[in-house]
Amino acid sequence: MHDDDEPVFKRSQWGTNRYYYNPRNPVGLALIVISLLFAATMMIFMANRAGPFTPPAPTPWPSSDTSWPPPLSTAPSPWPPPPAAGTPGP
């Protein structure tokens, strides 16, 4: 059934310069089977969103113990303080 003199790749007879796996060569037949198994596995992974197609983990929302607006800090203000009542302005 298999001839050892058969090439692994054969040129297409459709007038193009493309090659295809030769199923008459054991290596060509193995490449056909491996390609089909790989493609079927990737299709199953895509359908189940598993493996390399797993979506990234969602980012958590901020916890509810924070208040809005945030509390005033005790750091000094970068702006000058407002003038006191009853004093002339600049």
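Up top is the structure.
Everything numeric in this text was worked out from a predicted model, so none of it was measured.

Some points on the overall build of the protein
Helix and strand counts for the protein come out as one helix and two strands. When the helices and strands of the protein are read in sequence order from the N terminus, they spell out β-β-α. Out of the 90 residues belonging to the protein, those deemed buried represent 6%. Counted over contacts in the protein with a minimum sequence separation of 6, partners at least 24 positions apart contribute 4%. About 8600 Å² of surface is accessible on the protein, with carbon and sulfur atoms providing 67% of the total.

Side note on the packing of aromatic side chains
Applying the stated rule across the entire model yields one aromatic pair. Taken together, a centroid distance of 5.7 Å and an interplanar angle of 40° make the contact between Phe9 and Tyr21 tilted. Placement of the pair is Phe9 in strand 1 (residues 9-11) and Tyr21 in strand 2 (residues 19-21), with a sequence separation of 12 residues. The partly exposed category is assigned to Phe9, whose relative accessible area is 45%. On the accessibility criterion, Tyr21 (31% relative accessible area) is partly exposed.

Cut-offs applied
- Residues numbered from 1 in each chain as written.
- Predicted model: local features only at pLDDT ≥ 70, side-chain atom pairs only at ≥ 80, totals over all residues.
- Heavy atoms only, no water.
- Helix = DSSP H or I, 4+ residues; strand = E, 2+ residues; numbered from the N terminus.
- Buried < 20%, exposed > 50% of the residue type's maximum accessible area, 1.4 Å probe, protein only.
- Contact = heavy atoms within 4.5 Å.
- Areas by Shrake-Rupley, 256 points an atom, 1.4 Å probe, with all protein chains shown as cover.
- Phe/Tyr/Trp six-rings, centres within 6.5 Å; stacked < 30°, edge-to-face > 60°.

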